[in-house]
Every structure is written in C-alpha cells, then in structure tokens.
Amino acid sequence: ANAFLDAAARMMAEHGLSDDDLAKAGIDIEPVEKSGVHTSIHKMHPACIVIDAIAKLTGTSIGLRVTSTKRNGKWREIGAFTIAGRPSDRQVADYLFDQVRNLIDAAWTAERAARFSRVEALVSNEPGYHPSMLRSSVMREFMSKNGFGVDRKERRSFQFGMARRFAERIEAMSTRHADSEMAMVVWREQNTVTEQKKSKPVDLDMRAFAKGGDAGKDTHLGQGMAAAQKAVAAIGN
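Since this is a predicted model, take the numbers as computed values, not measurements.

Engineer: Pulling in residues and values, what's your account of the nonpolar core?
Structural biologist: Generally speaking, nonpolar side chains in soluble globular proteins are found buried as a group. Membership of the largest hydrophobic core comes to 40 residues, with the highest contact counts inside it found for Val 50, Ile 54, Ile 62, Phe 97 and Ile 170. Breaking this core down by element, the ones donating at least two residues are helix H3 (51–58), strand S3 (74–85), helix H4 (87–123), helix H5 (137–145), helix H6 (152–172) and helix H8 (206–218). Phe 97 has contacts with Lys 34, Ser 35, Val 37, Ala 47, Cys 48, Ile 51, Ile 54 and Phe 81, leaving out every residue within four places of it along the chain.

Here it is, written out as structure tokens:
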C-alpha cells in the first residue's frame, strides 16, 4: 500500500497536481454493486475484461472488489466496481459496462439458438430423430466436437472473444489519458491494493472464441455508445 501511495505522489508531482487540484476537479471514488463482477477471471462475467478500455474512454479508473455477506444463514459474494473520476464520467462508465454486458449476453443467446438450429438441420433427416435428442449428452458431445457446442466452455469462450474485440474497439476511441491518470491517483490513494494469487488459465474453445470475436467486430455498439463518446469528448474539452 505504501508503494502505491509513493507512486501516486510521484504521478501528482510529475503532472503538477495538488490535493486541491483533485478536489476542484471533482474527482472522487464510488463503489457500485454490479451483477457479474468478480475478482476471479473464472467467476467474472467476460465483460469485466473491457473495464480498462471503458476507463480510458471515460477518463476514470475502475477497480474490482468482492465482499462476502451472510444473509439468512448463507454466505453470498457481492461484486462491485470502485470507480474513480468525475460524477458524470462515473455514470457513463457504469452505463457503458451494462451496455457491453447486455450486448454480449444477447449475442450468445442468438448464437446458441443458431447452433441448435444448424445441428437440427443436419440431423433431422436421420432415422428415429426427435427434437428432444438435441438435449442428450451424446448430441451435446457431437455438437462440441463439430464446433456447435453450447455448454459453459463454449459460452464463456464466445463471450471472452466478443469482450476482447469490444475492448479493442472502445480503446481505439479513447482520448482522455490525462484524466485517467488523475483518477488513478485518487483510486490508489483510497484503495488498499493486495497481491492476487495466480489463477489457472481459462480453458477456452478457440473456435467459439474466434466466433465471439467476429460477433464483437460486427455488433453495433449502439446509439448509447455514440452518445457517451460525444459526452466524454465534451467534458474533456
């Protein structure tokens, strides 16, 4: 923690910033509970890998936090963002994450339905075929081997591929590096940073990952993204 505070002090000195400058800029930090957020890559929604790009676009700094709460005798993990930045920028960052997560979920729903339809078209003329066969373990294995899998591994691979492509597209829009650095100073001052244990690599189906990348390239980010880009550009000016 002391090392991070020292780094923050050096950044402030490098950019000629004082505590009063930060206060006048209105930069603050806010925790936001968020569905799908987790510090473990194996538990987080794949959209979480887009947060660095969103932070650069909006001039914020975003961290991930998980707390455990006991309710009705059961422990439950609650994921949250800690977003540092100006109030309007924090709202835009929060909104963009929701939009990206929803686009990824919707794309997989459509992809999953398309895979079932494709496989059904391939096997529907086989003797003894019935639609219920698509749910059998034998059919699921056939689908996975032939690039039409719909189980957790294929779903997460598709979503990670799409998220990676979204991150590339959003980062290409980014122009507010100075604001992001200022927000990082605040974030580091107000958060204790602990060393994370190394986790096992994510086991990906590369065909599904590539398919997700194609979906991320072709999916329109929507009017919301365009409006957010104009808003942060106006704030930056």
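Engineer: Break down the environment of Asp 214 for me, citing the residues and quoting the values.
Structural biologist: Positionally, Asp 214 belongs in helix H8. With relative accessibility at 44%, the residue Asp 214 sits in the partly exposed group. Between the alpha carbons of Asp 214 and Met 162 there is a distance of 7.2 Å; along the sequence they are 52 residues apart.

Engineer: How would you sum up the environment of Glu 120? Please name residues and give values.
Structural biologist: With respect to the helices and strands, Glu 120 occurs in helix H4. Separated by 10 residues in sequence, Glu 120 and His 130 have C-alpha atoms that sit 9.4 Å apart. Excluding residues within four positions of it along the chain, Glu 120 makes contact with Tyr 129, Pro 131 and Leu 134.

Engineer: Requested: an account of the sheet that holds strand S1 (residues 28–33), with residues and values cited.
Structural biologist: One open sheet holds the three strands; their spatial order is S1-S3-S2, and the pairing between them is antiparallel. Strand pairing shows two members of the sheet lacking a second neighbour, S1 and strand S2 (61–71), which therefore form its edges. Along the sheet, successive strands turn relative to each other by an average axial angle of 25°, direction set aside. Across 11 bridges, the pairing between S2 and S3 is antiparallel. Each residue of the ladder has a partner; that of Ile 62, found in S3, is Ile 83. In this fold H3 packs onto S2 and S3, with an angle of close to 125° to the strand it touches most, S2. The strands that H4 touches are S1, S2 and S3; relative to S3, the one it contacts most, it runs at about 130°.

Engineer: Report on the pattern of salt bridges, specifying residues and quantitative values.
Structural biologist: Under the definition given, this model contains 12 salt bridges. We note a salt bridge from Glu 111 to Arg 115, for which the minimum N-O separation is 2.8 Å. Note that Glu 111 and Arg 115 are positioned in helix H4 at a spacing of four residues, about one turn of the helix. On the basis of relative accessibility, which here comes to 14%, the residue Glu 111 falls in the buried class. A salt bridge links Glu 141 to Lys 145, with the shortest nitrogen-to-oxygen separation between them at 3.3 Å.

Reading guide: rules and limits
- Residues numbered from 1 in each chain as written.
- Predicted model: local features only at pLDDT ≥ 70, side-chain atom pairs only at ≥ 80, totals over all residues.
- Heavy atoms only, no water.
- Core = buried A, V, L, I, M, F, W, Y, C linked by side-chain atoms within 4.5 Å.
- Buried < 20%, exposed > 50% of the residue type's maximum accessible area, 1.4 Å probe, protein only.
- Helix = DSSP H or I, 4+ residues; strand = E, 2+ residues; numbered from the N terminus.
- Contact = heavy atoms within 4.5 Å.
- Pairing = 2+ DSSP bridges.
- Axes fitted to C-alpha atoms, helices over the stretch in contact; angles between N-to-C directions.
- Salt bridge = Lys/Arg side-chain N within 4 Å of Asp/Glu carboxyl O.

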